[in-house]
Amino acid sequence: MDARSPLEIRLSQHLALTYAERDALRWLERRERSYRAGTVLIREGEPSGELFIVSSGWLHGSISPAAGVRQILRFYFRGDITTTFSIAWGHSAATLTAVSNCTVFTVERDAFGRLFQQHPRIGALLYAVSASEEVAMADRLTSVGRTNGMSRVATLLLDIRSRLMVTGELEEATFELPLTQQELGDAVGLTKAHVNRTLKALEATGLLERHGRLIRITDVEGLARMVEFKDRHRHVATDWLPPVRSQAA
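Draft legend 1. Expanded view of the overall build of the protein. What the protein contains, in helices and strands, is 8 helices and 11 strands. By the compact-globule yardstick of 18 Å for 249 residues, the protein fits well, its C-alpha radius of gyration being 18 Å. The C-alpha extent of the protein, read off along each of the three principal axes, is 55 × 40 × 35 Å. Across the 249 residues that make up the protein, the buried fraction comes to 50%. Look at the contacts in the protein between residues 6 or more apart in sequence, and 73% of them connect residues 24 or more apart. Entry remark: accessible area of the protein is about 12000 Å², with carbon and sulfur atoms responsible for 51%. Charge-centre separation for the protein: the mean point of 31 positive side chains lies 3 Å from the mean point of 29 negative side chains.

Draft legend 2. View of helix α2 (residues 19-28). By the burial criterion, the buried members of α2 are Glu21, Arg22, Ala24, Leu25 and Leu28. Angular distribution of buried residues about the axis of α2 spans 160 degrees; they occupy a single face of the element. Those residues of α2 that are buried are in contact with α1 (6-12), β3 (50-56), β8 (102-108), α3 (109-118) and α4 (120-146).

Draft legend 3. The arrangement of α3 in detail. Among all positions of α3, only Ala111, Phe112 and Leu115 are buried. Taken around the axis of α3, the buried residues stretch over an arc of 105 degrees, which confines them to a single face. Across from the buried face of α3, at angles greater than 90 degrees, the exposed residues are Asp110 and Gln117. Check the buried side of α3 and you find it contacts α2, β3, β6 (81-82), β8 and α4.

Draft legend 4. Inspection of the nonpolar core at higher detail. In this structure, Trp58, Ile160, Phe175, Leu177 and Leu179 are the most contacted members of the largest nonpolar core, which totals 33 residues. Sorting the residues of this core by element identifies β5 (71-76), α5 (149-166), α6 (181-188), α7 (192-204), β11 (214-217) and α8 (220-227) as the ones contributing at least two each. Per-element tally for this core: the top contributor is α5, with 7 residues. With 21 residues, the next largest nonpolar core counts Leu7, Ala24, Val107 and Ala124 among its residues.

Draft legend 5. Local environment of the pattern of salt bridges. This model, assessed by the stated rule, comprises 17 salt bridges. Taking the shortest distance from any N to any O, the salt bridge between Arg70 and Asp186 comes out at 2.7 Å. Of this pair, Arg70 sits in the loop between β4 (59-63) and β5 while Asp186 sits in helix α6, and the two are 116 residues apart along the sequence. Residue class for Arg70 comes out partly exposed when judged on its relative accessible area of 29%. According to the relative accessible area criterion, Asp186 is buried, its value standing at 11%. With a shortest N-O distance of 3.8 Å, Arg213 and Glu176 are connected by a salt bridge. With Arg213 in the loop between β10 (208-211) and β11 and Glu176 in strand β9 (residues 174-176), this residue pair connects regions lying 37 residues apart in the sequence. Connected through salt bridges with shared partners, the residues Arg10, Arg74, Asp80, Glu133 and Arg163 form a single ionic network.

Draft legend 6. Broad picture of the sheet that holds β4. Strand order in this open sheet of 4 strands is β2-β7-β4-β5, and the pairing throughout is antiparallel. Of all the strands in the sheet, just β2 (40-42) and β5 have a single pairing partner and so form its edges. Going across the sheet, the axis of each strand differs from the next one's by a mean of 30 degrees, ignoring polarity. The sheet contacts of α6 involve β4 and β5, and relative to β5 the element is tilted by about 105 degrees.

Draft legend 7. Layout of the sheet that holds strand β1 (residues 32-35). Reading across from one edge, β1-β8-β3-β6 is the order of the 4 strands in this open sheet, with antiparallel pairing throughout. Of all strands in the sheet, those bounded by a partner on one side alone are β1 and β6. Set on the sheet, α3 makes contact with β3, β6 and β8; between it and β8 the angle comes to about 75 degrees.

Draft legend 8. View of the packing of α6 against α7. Between α6 and α7, the least distance of the axes is 8 Å, while the angle of their chain directions is 95 degrees. The orientation of α6 relative to α7 falls into the category roughly perpendicular. Between α6 and α7, the residues in contact are Gln181, Gln182, Leu184 and Gly185 and Lys192, Val195, Asn196 and Leu199, respectively. Among the residues forming the contact of α6 with α7, the class breakdown is 3 nonpolar, 4 polar and 1 charged.

Criteria and thresholds
- Residues numbered from 1 in each chain as written.
- Predicted model: local features only at pLDDT ≥ 70, side-chain atom pairs only at ≥ 80, totals over all residues.
- Heavy atoms only, no water.
- Helix = DSSP H or I, 4+ residues; strand = E, 2+ residues; numbered from the N terminus.
- Rg over C-alpha atoms; globule rule 2.2 N^0.38 Å.
- Buried < 20%, exposed > 50% of the residue type's maximum accessible area, 1.4 Å probe, protein only.
- Contact = heavy atoms within 4.5 Å.
- Areas by Shrake-Rupley, 256 points an atom, 1.4 Å probe, with all protein chains shown as cover.
- Lys, Arg positive; Asp, Glu negative; His and termini not counted.
- Charge placed at Lys NZ, Arg CZ, Asp CG, Glu CD.
- Arc of directions from axis to C-beta.
- Core = buried A, V, L, I, M, F, W, Y, C linked by side-chain atoms within 4.5 Å.
- Salt bridge = Lys/Arg side-chain N within 4 Å of Asp/Glu carboxyl O.
- Pairing = 2+ DSSP bridges.
- Axes fitted to C-alpha atoms, helices over the stretch in contact; angles between N-to-C directions.
- Parallel < 35°, antiparallel > 145°, perpendicular 65-115°, else oblique.
- Nonpolar A, V, L, I, M, F, W, Y, C, P; charged D, E, K, R; others polar.

Bear in mind that shape data such as this cannot, by itself, settle questions of function.
If you want it as structure tokens, here you go:
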């Protein structure tokens with residue numbers, strides 16, 4: 001198991017961090033909490049004065065646009081910062097739920113603000129990563145409105161694979177999917193029955209295999225071409241970041 005800070009691992013995929021920057025990230029990760037699968041960490045509309053850095057497990061953020069309806073907006077993995085969608089208002093804009101057993105670090109908003117002040121390069125990188133994730137979410141929501149079920153599910157699975165690659169949890173194309181078919185449906189705007197049929201159709205293409213909860217994408221490039229998937233996570237431009245402040249690297 002990598003002993004580095006989860007957030008350090010996440011950001012190091014894009015930038016060589018200095019010792020001082022790595023120490024600052026580790027300092028944020030001091031208060032750890034564990035949650036069982038299915039636990040709601042915070043509900044949409046509740047006061048929110050802290051952020052969560054994912055140490056292990058999966059979570060998702062969702063909204064309820066109507067009674068009995070849920071739209072899953074984003075999934076969160078190791079090294080991701082959650083509830084940033086609420087930082088502008090002081091209350092949660094979405095419900096944060098543990099998909100699997102998970103651990104998170106809690107960070108007060110003012111501590112997060114000090115990180116931006118003391119380490120502007122990290123702040124700029126976090127902004128860039130957040131922007132790439134917003135574009136990826138827009139891609140997925142566009143696929144929900146304009147494409148068929150196979151494209152929606154394939155786009156989501158490719159996006160999850162890409163996210164796991166940059167968080168250091170995946171090296172190939174096989175991963176465990178702890179999501180129910182209902183959760184998959186809530187993320188792509190399909191019923192549970194439609195998700196089940198769609199997964200079988202994807203298997204029939206030979207581009208994807210399922211073994212229990214294990215998903216194996218047998219031809220990543222082929223599946224990406226089929227659904228016109230754009231990987232928004234692999235590369236984030238860092239040439240515009242502010243210079244490192246004078247410190248030992």
